[in-house]
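The primary structure of each chain is shown beneath.
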Amino acid sequence: MAGPLSAVTYVARRAGQAVVVLVLAYALTFVLLAALPGDAVLARYGSPELGLSPEQLADIRAAYGADRPLPVRFAESAWAFLGGDLGYSVQSGAAVATLLAAALPSTLVLAALGLALALLLAVTIAVLATHGRGRWLRRLFQSLPPLFVSLPVFWIGILLIQVLSFRLGLVPVIGAGPVQALILPVATIAVPIAAPLAQVLMRSIDDVEQMPFVSVVRARGASPSWLLRHDVSRNAVLPALTMAGLLFGELVGGAVVTESVFGRAGIGQLTAQAVANRDTPVLLAVVVLSTVAYVVINLLVDLLYPVLDARLRRGGAR
């Protein structure tokens, strides 16, 4: 009975922590956006070219709730968010939920493919850096993560466009098909994420190979490749799994730059437009959406840990 009860307690505790993070992120984002200088409503409708009177501006501010005290606005906004009402864009007047629903699929595809490619690159780099044939090959791949992590996302995108599209003509930028249009953005967003993952994997592989149980299995005649596949990889993947969850936030930040560089419609481009127009309802919804995705990914990682590591299951039972 202790096993199931401890598992339920573990899941409940992690879920409770996720809820606390969401509440704090929402409150902090709301306060910071409210503290920004200027007024999004006045920035949109206060232009003399529109010719609106002060009374009309006051009515518009009242319609958006901008004239209410901050605690009242926070309570109303939080209650509306809980009910699924994300408000309306100050710039376009469209429902924020509609804007997110239209932009989210493109970004999800980009993020999922970028994370998959980053994991593939990280595993390849880590394996060749630790078990490559020849010292020169290992040193070459050991130097790649520091190089990748130092490259700005926008520079990677511009470089890929210049080399692969304009000089080599391998991937078209103009008139590209749906699949072709994803190649360069996915590579751009994957490179900076693969670098820290590869570094963590390399160190984990080295640490696990120094453990006593690996020495015992090696003494029984196991080959290095067999050890890597069956014993080392299973234990070395745990720190990398945590890092993958933490790096999910990089996908959101990278999407803003990547979608701007390649002109893709998505959450990143929507965020950039909201920042330029001081569209606080859209910004608040994007931050909350990103926080939800980040918290869910890390919650899943926490729940996968006991599945992959039997020591955690035994510790929870005790």
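Because the structure is a prediction, the values reported are computed rather than measured.

Just to check I follow, could you spell out the UniProt feature "transmembrane region" (unreviewed entry) in the chain for this structure?
Using the residue numbers shown here, the UniProt feature "transmembrane region" (unreviewed entry) corresponds to residues 15–36, 108–128, 148–170, 182–202, 236–262 and 282–308. A distance of 29 Å separates the end C-alpha atoms of residues 182–202, which is 100% helix and 0% strand.

Help me understand a nonpolar patch on the surface, please; the structure alone is not making it clear to me.
Together, F154, W155, I158, L159, V163, L168, L170 and V257 line one region of the surface with nonpolar side chains, adding up to about 700 Å² of accessible area. The element that contributes the greatest number of residues to the nonpolar patch is helix α8 (residues 153–167), accounting for five residues. Mapped onto the elements, V257 comes out in helix α12 (residues 248–262).

What is the right way to look at the confidence of the model for the chain in this model?
Caution applies to low-pLDDT regions: their predicted coordinates should not be interpreted in detail. Taken as a whole, the chain shows an average pLDDT of 77; of its residues, 86% reach a score of 70 or greater. Across the chain, element-level confidence peaks in helix α5 (residues 96–131) with a mean pLDDT of 85 and bottoms out in helix α15 (residues 310–317) with 51.

Which parts of the structure should I look at to understand the packing of α5 against helix α13 (residues 267–277)?
The axes of two packed helices give the description: the angle between them and the distance between them. In contact at an axis separation of 7 Å, α5 and α13 are set at 130° when each is read in the N-to-C sense. By the angle between their directions, the pair α5 and α13 is classed as oblique. Across from L99, L100, A103, L104 and T107 in α5, the residues of α13 making contact are I267, G268 and L270. The residue inventory of the contact of α5 with α13, partitioned by class, reads six nonpolar, two polar and no charged.

Mind showing me how you'd approach the packing of α5 against helix α6 (residues 135–142) here?
Running from amino to carboxyl end, α5 crosses α6 at an angle of 145°, the nearest separation of the two axes being 7 Å. Crossing handedness for the pair α5 and α6: left-handed. Facing I125, L128, A129, T130 and H131 of α5, the residues of α6 in contact are L137, R138, F141 and Q142. For the contact of α5 with α6, the per-class residue count stands at five nonpolar, three polar and one charged.

Honestly, the packing of aromatic side chains in this entry has me stumped. Any pointers?
Aromatic ring pairs are defined here through the distance separating the ring centres and the angle between the ring planes. On inspection of all chains with the given rule, the structure shows four aromatic pairs. Members of the aromatic cluster, joined through ring pairs, are Y26, F30, F74 and F81.

Rules behind the numbers
Residues numbered from 1 in each chain as written. Predicted model: local features only at pLDDT ≥ 70, side-chain atom pairs only at ≥ 80, totals over all residues. Heavy atoms only, no water. UniProt positions renumbered as here; feature names shortened; annotations may be inferred. Helix = DSSP H or I, 4+ residues; strand = E, 2+ residues; numbered from the N terminus. Patch = residues over 30% accessible without salt bridge, like charges linked within 9 Å, V, L, I, M, F, W, Y side chains within 5 Å. Areas by Shrake-Rupley, 256 points an atom, 1.4 Å probe, with all protein chains shown as cover. Salt bridge = Lys/Arg side-chain N within 4 Å of Asp/Glu carboxyl O. pLDDT = per-residue confidence, 0-100. Axes fitted to C-alpha atoms, helices over the stretch in contact; angles between N-to-C directions. Parallel < 35°, antiparallel > 145°, perpendicular 65-115°, else oblique. Contact = heavy atoms within 4.5 Å. Nonpolar A, V, L, I, M, F, W, Y, C, P; charged D, E, K, R; others polar. Left-handed = near helix turned anticlockwise from the far one by under 90°. Phe/Tyr/Trp six-rings, centres within 6.5 Å; stacked < 30°, edge-to-face > 60°.

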